[in-house]
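Now for the letters of each chain:
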Amino acid sequence: MSEQSKENQLVFFFGGGDAEGGADLAHLLGGKGSNLAEMSSIGVPVPPGFTISTEVCRQYYENDREYPEGLHATVQEYLGRVEELMGKKFGDPEDPLLFSIRSGAPVSMPGMMDTVLNVGLNDETVQGLIKQSDDPRFSYDSYRRLVQMYGDVVKGIDGDKYEELIDKKKEEVGADRDTDLTADDWKDLVGQFKDLYKEETGETFPDDPEEQLWGGITAVFGSWNNERAVKWREINDLPHDVGTAVNVQTMVYGNMGADCATGVAFTRDPANGAKEAIGEYLPNAQGEDVVSGVRTPRPLNSYEREKSGKDLPTLEEEMPAAYEELTEVFDLLEEHYQEMQDIEFTVQNKTLYILQTRTGKRTAPAMVKIAHDLAEEGIITRKKALDRVEPKRLDQMLHPMIDPEAKEENEAIATGLGASPGAAVGQIVFESDEAEEWVEEGKDVLLVRHETSPDDIGGMNVAEGILTSRGGGTSHAAVVARGMGKPCVAGCGALNIDYDKKQVEVHGEVYEEGDWFTIDGASGEVFAGQLGMTEAKLTGEFEELMSWADQYRELGVRTNADTPKDAELAREFGAEGIGLTRTEHMFFEEERIDNVRQMILAAPDVQDLRLQKEALEDELETAQESQIEEIEEQLEKVEGELEETLPQYQQALDALLPEQRSDFEGIFEAMDGLPVTVRLLDPPLHEFLPEEEEDQKRLADRFDISLGEVQQLLRNLEEFNPMLGHRGCRMGISYPEVYEMQTRAIMEASVNVASKGVDVQPEIMIPLVGIPRELEILRERVDAVCQEVLREADQVVDYKIGTMLELPRACVRAAEIAEHAEFFSFGTNDLTQTTFGISRDDAGKFLEHYQHEGIIDKDPFAALDQNGVGELLRMGVERGRQTRKALKVGICGEHGGEPSSVKFCDEAGLDYVSCSPYRVPIARLAAAQSAIDVQEDLTSY
């Protein structure tokens, strides 16, 4: 069949060592369907079946939930192919062929959509299953599962109502567990479940296997747009229009007796990346029993047993032949996919079946180690290893863990399974919706549950970490937390959670909602209270992987750092300099804010008197002789008042000078041999004044003025739109002494550290330039101070003067601005605001809705708007370099650490990006991936 024909095909067969399609058709078959086809093609024992494509899903929604013409007949044809291969008939009362119906989107959405099992059972076919299995209990258990799942998934009946009936039956017969119920008990429950179905829907449960089949198919397609699936796609920035495939697959059973089992496994440890198979299984059980957390699963092998601390029999011991075959499949699949795999398997009467394989979810540390190790093992190239690592997820490895000393001083109140590494501290909450509400109020929370379900996705997303009393390393909580990069401790059996009372009891101690817990997702330990954290460091495989990235990338990576500590941390993470030091952050420190405020108290008077002086000087030039004496008297008076006011103003600046100088010395020393870009004062002055009246009173007392004078000053400085007001270079023009003081501090610090042998490379950046003349004036002033300091010290220090492009006009006039600048740095935060005309502080009220409506793809403050802001950036680069070919260009907004934005900057010809210290490795990797993409594009010609 031609490739074009396959694109138009709606149903695809797999099984018996053959398949229509494979990984190349994942967009049609979905991840699950394409992998089933691939596995069947390479000889993996897969139960046969067929996949209804994602194109059907798209047409289903486009055509008001009507299926394409001819689909029913095609499905009937493929049903016949499966029947022929299996030697069984769908609906046969003697030996029935039964099916599972599962979703399978092109991208992994674990647990977000629906599944129906045991399709084809009814009062007649269940007798055939009993005959074939010789196990009435298993058969009626399977039957009740169909009725239960069908009612829940297809008709929306509350699943808890079925569980309540099971609990009543166990109480009635004195059974402790589901496995203690007999065949007659399950048979009776089938009847009760059908009664519940009719009570809830007004309909009789469908006995016709065909009706069950189409009911299940339709429900799975419908689950593409259920609430949790939509939220998962929104959280993970996935498209809403690709649809899901539906996989109809022959049922195999892990619950037909003692020689049966079902389980899940990873070919490598998804928590730490070790080359050790790991997983869980249950004897005589079905798949959902393993992942639901209802029963405690057994370890797959001795590695998992030792790690989990569960002294239970392993599959390796109980079914050695099946385990050996399983490990062979592990090797086969890793070799084929060149990637760690997440596998679902069933053993039916000692025969192994692989139900599914997919690329395994993993923690960030495991992601790095597995990519590194696969390259070192020669399975993939180093370039491919770098491509395998998701830059954003590196963030998980770069944040604090529990301080070892704090751990020694505090005893864990409980220990579960470390299901997703990292540490988290938060106030405990027990419901997902409450977690979302608390976070909206600015609180840090830990979500504490018996086990999580897909309906908890919202709370899991906002929580600092997740703690469950049930489940294991492959439970919903563990898998989703790893994917989200959230710390998670699962299966912590010491937790006795009472949802009604909103409390948890641990070894006799009761903790209420709102109490603080600390969890360690690596060790599984749970602590009461808030424990201290330690900084992360790059070591081992991480550092080697980063060194590979540095070999390929061309784009430089700097950091945004305002303190020596931040500078040192960023350098450890591989920063090649500082792209932005914000001097205003230094002004807010308690011991110096008074000096800043003293300067501000005098600044408006100084500005007013200067304006009066300039006006009188202009007037004097054109005055008639009779007016000259009067104007000169006025001018003398103004100059006298200015002379009286300047000392207070200058005194504050003089006090700030040594403090700023000291700040810069520490940063320059930390960045020895690397460039440091210092932005001169940017925000408007009112931001440094207190907002609360109590603080305003203290300020008035401090400077012996009235509260009214302070409040009048605030009113005078108040602006309708401060972002577009008297700030940046505009303030530097109005108050030249501020920029002169800062420049002197920068250069004196440079001279001081240079005299100690430090290789200092200062770059002075003037913010918010939109008019070339602004930069021309300020550059002259800044340059004059630099030269003066160097003459006084009789030293030579190379320095650069440049500007920050944050306004569309600056990008348009970049050629003229470049006449006065040795470097450009794009301030993409403000450039985004001024391009869109959107306040970043207010955008949250509607941007999410804009994304949902498809007006924008991403939040432009999170990822660079390449078509708008990006075009201005390109214009600024091109026009600036027309004037100055060697113009150095970078960006210093937080876009500098966002992978897609980094790639754009690389393509646009920037020299570097700059971002917060913790995002430096992310930018390094993203830059390498961009360079690799370019190299591969070139070699493809």
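Structural data are supplied above this passage.
Each value, and the rule that gives it
- Residues numbered from 1 in each chain as written.
- Predicted model: local features only at pLDDT ≥ 70, side-chain atom pairs only at ≥ 80, totals over all residues.
- Heavy atoms only, no water.
- Helix = DSSP H or I, 4+ residues; strand = E, 2+ residues; numbered from the N terminus.
- Buried < 20%, exposed > 50% of the residue type's maximum accessible area, 1.4 Å probe, protein only.
- Areas by Shrake-Rupley, 256 points an atom, 1.4 Å probe, with all protein chains shown as cover.
- Salt bridge = Lys/Arg side-chain N within 4 Å of Asp/Glu carboxyl O.
- Axes fitted to C-alpha atoms, helices over the stretch in contact; angles between N-to-C directions.
- Parallel < 35°, antiparallel > 145°, perpendicular 65-115°, else oblique.
- Contact = heavy atoms within 4.5 Å.
- Nonpolar A, V, L, I, M, F, W, Y, C, P; charged D, E, K, R; others polar.
- Expected span 1.5 Å × (residues − 1).
- Bend = angle between axes of the 7 residues up to and from the residue.
- Pairing = 2+ DSSP bridges.
- Polar contact = N/O pair within 3.5 Å; in protein donor to acceptor, adjacent residues only side chain to side chain.
- 1 Å grid on protein atoms, 1.4 Å probe; cavity = no way out; pocket = protein on both sides within 12 Å on 5 of 7 lines; lining within 4 Å.
- Points joined across faces, edges and corners; volume = space filled by probe spheres on them.
- Left-handed = near helix turned anticlockwise from the far one by under 90°.
- Phe/Tyr/Trp six-rings, centres within 6.5 Å; stacked < 30°, edge-to-face > 60°.
- Lys NZ or Arg CZ within 6 Å of the ring centre and 35° of its normal.

Asks: Please clarify how the overall build of the chain should be interpreted in this entry.
Replies: Scanning the chain from N- to C-terminus turns up 37 helices and 34 strands. Counting all 941 residues of the chain, 55% fall into the buried class. For the chain, the exposed surface amounts to about 39800 Å²; the carbon and sulfur share of it is 43%.

Asks: Would you explain the pattern of salt bridges in this entry?
Replies: Working definition: two side chains of opposite charge can pair if their charged atoms are close together. Within this structure, the stated rule accounts for 62 salt bridges. Put simply, Arg137 and Asp141 hold a salt bridge, and the shortest N to O gap is 3.9 Å. With Arg137 and Asp141 both in helix H6 (residues 136–154), this residue pair falls 4 residues apart, about one helical turn. Residues participating in the shared-partner salt-bridge network are Arg661, Arg744, Glu748, Glu788 and Glu792.

Asks: Explain the packing of helix H22 (residues 564–572) against helix H25 (residues 625–670) here, please?
Replies: What describes two packed helices is the angle between their axes and the distance between those same axes. Where H22 meets H25, the closest approach of the two axes is 8 Å, and the angle between their N-to-C directions is 10°. Between H22 and H25, the crossing angle belongs to the class labelled roughly parallel. Across the interface between the two elements, Pro564, Ala567, Glu568 and Arg571 of H22 pack against Gly666, Ile667 and Ala670 of H25. Taken together, the residues that form the contact of H22 with H25 break down as 4 nonpolar, 1 polar and 2 charged.

Asks: What's the story with helix H2 (residues 26–41) in this structure? I'm lost.
Replies: One turn of the α-helix equals 3.6 residues, which is why residues spaced by three or four share an orientation. The first and last C-alpha atoms of H2 sit only 15 Å apart over 16 residues, clearly below the 22 Å expected at 1.5 Å per residue. Bending of H2 peaks at approximately 80° at the position of Lys32. The buried count for H2 comes to 13 of 16 residues, which makes it a mostly enclosed element. Two residues or fewer past H2, Gly43 is found with a positive phi of approximately 90°.

Asks: Help me understand the sheet that holds strand E18 (residues 445–449) in this model?
Replies: Backbone hydrogen bonds hold the strands of a sheet together, and the pairing may be parallel or antiparallel. The strand order E15-E25-E24-E17-E18-E19-E20-E16 describes an open sheet built from 8 strands, whose pairing is mixed. The open sheet has two edge strands, strand E15 (414–415) and strand E16 (417–420), and neither has a second partner. As judged from the 3 bridges shared by strand E17 (residues 423–429) and E18, these two strands associate in the parallel manner. Residue pairing across strands places Val429 opposite Leu447, the latter belonging to E18.

Asks: Could you clarify how one ought to interpret the sheet that holds strand E32 (residues 823–826) in this entry?
Replies: Spatial strand order, E27-E28-E29-E30-E31-E32-E33-E34: 8 strands in a closed barrel with parallel pairing. Adjacent strand axes in the sheet meet at a mean angle of 25°, parallel and antiparallel pairs treated alike.

Asks: Any chance you could explain the pairing of strand E24 (residues 516–520) here in plain terms?
Replies: Remark: a regular strand shows side chains that alternate across the two faces of the sheet. Burial runs high along E24: 4 of the 5 residues are buried. Relative to E24, E17 is paired through 5 bridges, and the arrangement is antiparallel. Its bridge partner lying in E24, Ala424 is registered against Ile519. Strand direction decides the pairing type here: E24 and strand E25 (residues 525–528), joined by 3 bridges, are antiparallel. Across the sheet, the residue bridging to Ile519 is Val526, located in E25. Where E24 hands over to E25, the hairpin turn is made up of 4 residues, of which Gly524 adopts a positive phi near 85°.

Asks: Would you explain the side chain of Gln341 in this entry?
Replies: On the secondary structure map, Gln341 appears in strand E12 (residues 341–348). Classification of Gln341 as buried rests on a relative accessible area of 1%. At 2.7 Å, the side chain of Gln341 forms a polar contact with the side chain of Thr357. Gln341 has contacts with Ala265, Phe266, Thr267, Leu333, Thr357, Arg358, Thr359 and Gly360, leaving out every residue within four places of it along the chain.

Asks: Help me understand the layout of surface pockets in this model?
Replies: Which parts of space are left empty comes out when a probe the size of a water molecule is rolled across the atoms. In this structure, the second largest pocket spans a volume of roughly 690 Å³. Asp682, Arg727, Asp830, Gln833 and Arg840 are, among the 30 residues lining the second largest pocket, the residues nearest its centre. Secondary-structure elements contributing two or more residues to the lining of the second largest pocket are strand E28 (578–582), helix H23 (583–587) and helix H33 (828–836). Residue contributions to the lining of the second largest pocket peak at 4 residues, all from H33. Among the residues making up the lining of the second largest pocket, the classes are represented as 8 nonpolar, 10 polar and 12 charged.

Asks: Looking at this structure, how should I read unusual backbone geometry?
Replies: With glycine set apart, most residues show a phi of negative sign, and most peptide bonds adopt trans. Within the chain, Asn284 stands out as a residue other than glycine whose phi angle is a positive 50°. Although it is not a glycine, Asn349 sits at a positive phi angle of roughly 50°. Counting through the fold element by element, Asn349 comes out in the loop between E12 and strand E13 (351–359).

Asks: Is there a simple way to think about the pairing of E25 in this case?
Replies: Where E15 and E25 come together, 2 bridges link them in antiparallel fashion. Its bridge partner lying in E25, Thr415 is registered against Glu525.

Asks: Would you mind showing me how to read helix H9 (residues 209–222) here?
Replies: Between the first and last C-alpha of H9 there are 20 Å, a value that for 14 residues agrees with the 20 Å anticipated at 1.5 Å per step. Across the 14 residues that make up H9, a large majority, 10, are buried. Of all the residues in H9, the buried ones are Pro209, Gln212, Leu213, Trp214, Gly215, Gly216, Ile217, Ala219, Val220 and Phe221. Two or three places before Glu210, at the opening of H9, Asp208 has a side-chain oxygen 3.1 Å from that residue's backbone nitrogen.

Asks: What is the right way to look at the environment of Ala481 in this model?
Replies: Looking at the secondary structure, you find Ala481 in helix H20 (residues 476–484). Ala481 sits in the buried class, given a relative accessible area of 0%. When near neighbours in sequence (up to four residues on either side) are disregarded, Ala481 contacts Ser420, Met460, Ile466, Lys486 and Cys488.

Asks: Even after reading the chapter, I still don't get the packing of helix H15 (residues 364–376) against helix H21 (residues 540–552), so can you show me in this structure?
Replies: In the contact formed by H15 and H21, the axes pass within 9 Å of each other and the chain directions differ by 65°. Here H21 runs roughly perpendicular to H15, going by the angle between their axes. When the axes of H15 and H21 are compared, the crossing they make is left-handed. Seen from H15, the contacting residues are Val368, Lys369, His372, Asp373, Ala375 and Glu376; seen from H21, they are Glu541, Phe542, Glu544, Leu545 and Trp548. Grouping the constituent residues of the contact of H15 with H21 by class yields 5 nonpolar, 1 polar and 5 charged.

Asks: Before we go on, may I ask you to explain the environment of Ala843 in this structure?
Replies: One can find Ala843 in the loop between H33 and helix H34 (847–852). For the pair formed by Ala843 and Asp433, sequence separation is 410 residues and the distance between their alpha carbons is 24 Å. Once residues within four sequence positions are removed from consideration, Ala843 is found in contact with Ile838 and Phe861.

Asks: Where do I start with the packing of aromatic side chains in this structure?
Replies: Given two aromatic rings, one states the distance between the centres and the angle between the planes to describe the pair. According to the stated counting rule, one finds 15 aromatic pairs in the structure shown. Judged by centre distance (6.5 Å) and plane angle (40°), the rings of Tyr150 and Tyr197 are tilted. Residue Tyr150 is found in helix H6, and its partner Tyr197 is found in helix H8 (residues 183–201); the two are separated by 47 residues along the sequence. For the pair Tyr150 and Tyr197, a shared accessibility class is recorded, and that class is buried. Summarising the aromatic geometry, the rings of Tyr197 and Phe205 are spaced 5.3 Å apart at their centres and angled 80° between planes, so their arrangement reads as edge-to-face. Classification of Tyr197 by relative accessible area gives buried; the value is 1%. On the basis of relative accessibility, which here comes to 3%, the residue Phe205 falls in the buried class. Members of the aromatic cluster, each reached through a chain of ring pairs, are Tyr60, Tyr61, Tyr67, Trp214 and Phe221. One Lys or Arg, Arg81, reaches over the ring of Phe13 and ends 4.4 Å from the middle of that ring. The ring of Trp438 carries Lys443 above its face, with NZ or CZ at 4.3 Å from the centroid.

Asks: It is not clear to me how the side chain of His895 should be interpreted in this structure. Could you clarify?
Replies: Mapped onto the elements of the fold, His895 is located in the loop between strand E33 (888–891) and helix H36 (899–907). Among the polar contacts listed, one links the side chain of His895 to the backbone oxygen of Pro860, at a separation of 2.8 Å. Those residues in contact with His895, other than ones at most four positions away along the chain, are Thr828, Asn829, Thr832, Pro860, Phe861, Ala862, Ala863, Leu864, Ser901 and Val902.

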